[in-house]
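Architecture at a glance
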Amino acid sequence: MKRVSIIGKGKGEPAPAPGGGVNTFFAHKAPVQVQAKKKKLLFSLPVEVTEKLTDVYYELKKARKNIDKSDIVALALTTLLEDFKTKKEHSVLYKYSSR
């Protein structure tokens, strides 16, 4: 019969399950983090748009706002798509695509 290791056993805490190691020991303390699922995509953007995105990103960073360029693009796309969903042919996207 194998002995259960008591290495890392804190005051009043049970020893880890046999064969479970560190992950079993710390499993009850690990905070559950739910992150939004993300998918990597590759887009080509005009140089002017990328420069404006970079300018906005650095302006927000200077104001100590914690945001990524990907978050800015996702917010812009979400706003544009919601505008299209509600306004249809009067939306910015519809007007731009009819050029």
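What you see is a predicted model, and the numbers here were worked out from it, not measured in a lab. (Residues numbered from 1 in each chain as written. Predicted model: local features only at pLDDT ≥ 70, side-chain atom pairs only at ≥ 80, totals over all residues. Heavy atoms only, no water.)

All right, on to the packing of aromatic side chains then. For the coordinates displayed, the defined rule picks out one aromatic pair. Summarising the aromatic geometry, the rings of Tyr57 and Tyr58 are spaced 5.2 Å apart at their centres and angled 65° between planes, so their arrangement reads as edge-to-face. Accessibility expressed as a relative area gives 48% for Tyr58, which makes it partly exposed. (Phe/Tyr/Trp six-rings, centres within 6.5 Å; stacked < 30°, edge-to-face > 60°. Buried < 20%, exposed > 50% of the residue type's maximum accessible area, 1.4 Å probe, protein only.)

Attention now goes to helix H3 (residues 69-87). Here H3 is 19 residues long and its end C-alpha atoms lie 27 Å apart, about the 27 Å a rise of 1.5 Å per residue gives. Following H3 by one or two positions, Lys88 has its phi on the positive side, about 50°. (Helix = DSSP H or I, 4+ residues; strand = E, 2+ residues; numbered from the N terminus. Expected span 1.5 Å × (residues − 1).)

As for its placement among the helices and strands, Asp83 is situated in helix H3. With residues up to four places along the chain from it excluded, the contact list for Asp83 reads Lys88, Ser91 and Val92. (Contact = heavy atoms within 4.5 Å.)

For the structure shown, the criterion picks out one salt bridge. The salt bridge involving Lys87 is made with Asp83; its shortest N-O contact spans 3.3 Å. Remark: Asp83 and Lys87 occur in helix H3; sequence separation between them is four residues, near one turn of the helix. Residue Lys87 is classed as partly exposed on the basis of its relative accessible area of 45%. (Salt bridge = Lys/Arg side-chain N within 4 Å of Asp/Glu carboxyl O.)

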